[in-house]
Each structure stands twice: as structure tokens, then as C-alpha cells.
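The residues making up each chain are set out below.
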Amino acid sequence: MSATQIVVTLIVVLAVLAAAGAGWMLYRRWSLRHRFGPEYDRLVAQREGRSAAERELRERERRHAELDRRPLSPESRARYAAEWEEIQIRFVESPVEAVSAAEDLVGRMATERGYPAGDFEEQAAYLSVEHSRSLDHYRQAHSVREAVDRGESDTEQLREALVHYREMVTELLGREAVPTARRPAEEAAPTADGYENNR
């Protein structure tokens with residue numbers, strides 16, 4: 001084999017390796033974006049570039065794999081579903097209390113499912129790995145909950161928060177739908193996304 005052929009062969013091999021490496025990086029990026037959804041974009045915007053965000057997401061996957069995750073027992077699912085119905089009914093008379101109860105409910109459900117109890121961001125980081133579809137809802141609901149603490153929320157925001165919490169409750173229950181509370185037709189109630197009065 002001549003020197004020219006050796007050089008050309010080396011160039012081709014290096015080009016193939018570079019293309020394979022680039023393809024692998026693109027696949028990993030696509031995989032993270034697909035798995036984490038809006039959480040991927042949120043972290044990229046917050047961190048110093050994609051690489052830092054992707055490192056953090058891979059670290060979340062590693063820590064998540066070490067958890068002892070488990071589904072809720074049928075008894076727990078029934079209890080939490082009933083508690084969720086009560087929270088929806090309570091919203092009519094006391095929206096602030098209902099939103100606080102919803103946040104507490106989600107936290108307890110996550111802990112029983114095997115996620116560590118901790119501050120919101122820590123729990124959200126763990127939840128993002130397996131529940132990215134609902135995590136953005138949970139974040140939006142939590143931001144309203146924080147606004148409640150500052151005295152900056154109104155009834156419409158509280159209603160929207162309850163709608164967002166419903167997504168996370170449904171996901172943690174591990175089924176397609178959470179029952180919407182049955183209320184007398186004359187009661188006023190939230191009016192969107194499954195919170196209409198059932199007449």
C-alpha cells in the first residue's frame with residue numbers, strides 16, 4: 001500500500017469516526033429532549049449552554065435509577081383519588097386552602113411512590129426523569145402556590161393551579177384519568193379543563 005493510499009485511508013477512517021461521534025452526540029441530545037420535554041429547554045435556558053444542561057439531566061437519570069420506585073397500592077390509589085375529589089370540592093369555598101392541599105397531596109404521593117421527600121426543586125428533579133409530561137404542569141402550579149404565600153394570587157390563577165395539579169395527580173396515580181368531583185349544579189365552580197359543574 002502506497003503512502004498516498006495510507007493517508008487517504010486514514011482520512012476516511014477519521015471522517016467516519018467523526019461522523020459516528022457526531023451522530024452519537026445528536027442521538028443523545030435527541031434522546032434527552034424527547035425524555036425531558038420542556039424541562040430540557042428550561043435547563044438549557046438556565047444553565048451555561050446545552051452541555052451543562054445535558055450533564056445535569058444525565059446525572060438526574062443516574063440518581064433516578066438508584067431510587068426504589070414503586071406503584072401505589074390499590075388502597076392508596078383509592079384513598080388519594082378520594083382525597084383529590086375532596087380538594088376539588090373544597091376549592092369552591094376555599095381556593096387557597098385547596099391549592100395548598102393539592103401541593104401537599106402531590107408531595108405525599110411522590111414520596112409513597114419512592115421519590116425522596118425534600119424541597120420542591122429536588123423532588124421536581126427526580127420527577128422529571130419519569131414524569132416529564134406532567135412536570136411543567138407541576139411547576140406552574142407550584143409557582144402559583146408560591147404567589148399565594150406572597151399574597152399575589154387571584155381566583156383565576158388558583159383555578160389554573162388546580163388544573164395543573166390535576167395533571168400531576170393523574171400521572172402519579174398511574175392511570176389515565178382522575179375523577180372530577182360531583183357537585184350540586186347550583187354551586188359555583190372552576191370552569192375549564194375538567195372542572196365544570198357536572199350537571
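Up top is the structure.
Residues numbered from 1 in each chain as written. Predicted model: local features only at pLDDT ≥ 70, side-chain atom pairs only at ≥ 80, totals over all residues. Heavy atoms only, no water.

1. Some thoughts on the pattern of salt bridges
Line of reasoning, step 1. Per the stated rule, a full pass over the model turns up 20 salt bridges.
Line of reasoning, step 2. For R47, the salt bridge identified is with E56, shortest N-O distance 2.7 Å.
Line of reasoning, step 3. One salt bridge in this structure joins R108 and D104, with 2.8 Å as the shortest N-O distance. A residue pair is termed a helical-turn pair when its members lie 3 or 4 positions apart in one helix, as R108 and D104 do in helix α5 (residues 95–112) at four residues.
Line of reasoning, step 4. We classify R108 as partly exposed; its relative accessible area is 31%.
Line of reasoning, step 5. For D104, a relative accessible area of 42% corresponds to the partly exposed category.
Line of reasoning, step 6. The network of salt bridges with shared partners includes E39, R42, R47, E56, R60, E121 and R139. (Salt bridge = Lys/Arg side-chain N within 4 Å of Asp/Glu carboxyl O. Helix = DSSP H or I, 4+ residues; strand = E, 2+ residues; numbered from the N terminus. Buried < 20%, exposed > 50% of the residue type's maximum accessible area, 1.4 Å probe, protein only.)

2. Regarding helix α8 (residues 155–173)
Line of reasoning, step 1. For α8, built from 19 residues, the straight-helix expectation of 27 Å at 1.5 Å per residue is met to within 8% by its first-to-last C-alpha distance of 27 Å.
Line of reasoning, step 2. Across the 19 residues that make up α8, a large majority, 14, are buried.
Line of reasoning, step 3. Near the N-terminus of α8, the side chain that reaches the backbone nitrogen of E156, with its oxygen 3.2 Å away, is that of D154.
Line of reasoning, step 4. One or two positions beyond α8, positive phi appears at G174, with a value near 80°. (Expected span 1.5 Å × (residues − 1). Polar contact = N/O pair within 3.5 Å; in protein donor to acceptor, adjacent residues only side chain to side chain.)

3. Quick word on the packing of aromatic side chains
Line of reasoning, step 1. Taken as a whole and judged by the stated rule, the model has two aromatic pairs.
Line of reasoning, step 2. Measuring from centroid to centroid gives 4.9 Å for F120 and Y138, while their planes differ by 65°, and the two rings are edge-to-face. Taken as a pair, F120 in helix α6 (residues 120–130) and Y138 in helix α7 (residues 132–150) lie far apart in primary sequence, 18 residues in all. The same class applies to F120 as to Y138, namely buried.
Line of reasoning, step 3. Ring pairs connect the aromatic residues F120, Y138 and Y165, which therefore count as one cluster. (Phe/Tyr/Trp six-rings, centres within 6.5 Å; stacked < 30°, edge-to-face > 60°.)

4. Considering the nonpolar core
Line of reasoning, step 1. One finds W84, I87, M109, L127, Y138 and Y165 to be the most contacted residues of the largest nonpolar core, which totals 33 residues.
Line of reasoning, step 2. Listed by contribution, the elements that provide at least two residues to this core are α4 (74–93), α5, α6, α7 and α8.
Line of reasoning, step 3. Excluding residues that lie within four positions of it along the chain, Y165 makes contacts with W84, V99, A102, E103, V106, Y138, A141, H142 and R145.
Line of reasoning, step 4. In this structure, L32, F36, Y40 and V129 belong to the second largest nonpolar core, which totals eight residues. (Core = buried A, V, L, I, M, F, W, Y, C linked by side-chain atoms within 4.5 Å. Contact = heavy atoms within 4.5 Å.)

5. A few points about the side chain of H131
Line of reasoning, step 1. Looking at where H131 falls in the secondary structure, it is placed in the loop between α6 and α7.
Line of reasoning, step 2. For H131, the side chain forms a polar contact with the side chain of Y115, separated by 3.1 Å.
Line of reasoning, step 3. Setting aside residues up to four positions removed in sequence, H131 forms contacts with R113, Y115, M168, E171 and L172.

6. Let's talk about the packing of α5 against α6
A packed helix pair is summarised by two numbers, namely the angle formed by the two axes and the spacing between the axes.
Line of reasoning, step 1. Viewed as axis vectors pointing N to C, α5 and α6 meet at an angle of 55°, and their least axial separation amounts to 12 Å. For the element pair α5 / α6, the angle class is oblique. Note that α5 runs across α6; the crossing there is left-handed. Seen from α5, the contacting residues are E103, G107, A110 and T111; seen from α6, they are F120, Q123 and L127. (Axes fitted to C-alpha atoms, helices over the stretch in contact; angles between N-to-C directions. Parallel < 35°, antiparallel > 145°, perpendicular 65-115°, else oblique. Left-handed = near helix turned anticlockwise from the far one by under 90°.)

7. Some remarks on α7
Line of reasoning, step 1. In this model, α7 (19 residues) spans 27 Å end to end at C-alpha, consistent with the 27 Å of a helix rising 1.5 Å per residue.
Line of reasoning, step 2. Of all the positions in α7, only S132, S134, L135, Y138, R139, A141, H142, V144, R145, A147 and V148 are classed as buried.
Line of reasoning, step 3. Just downstream of α7 lies G151, where phi reads positive at about 75°.

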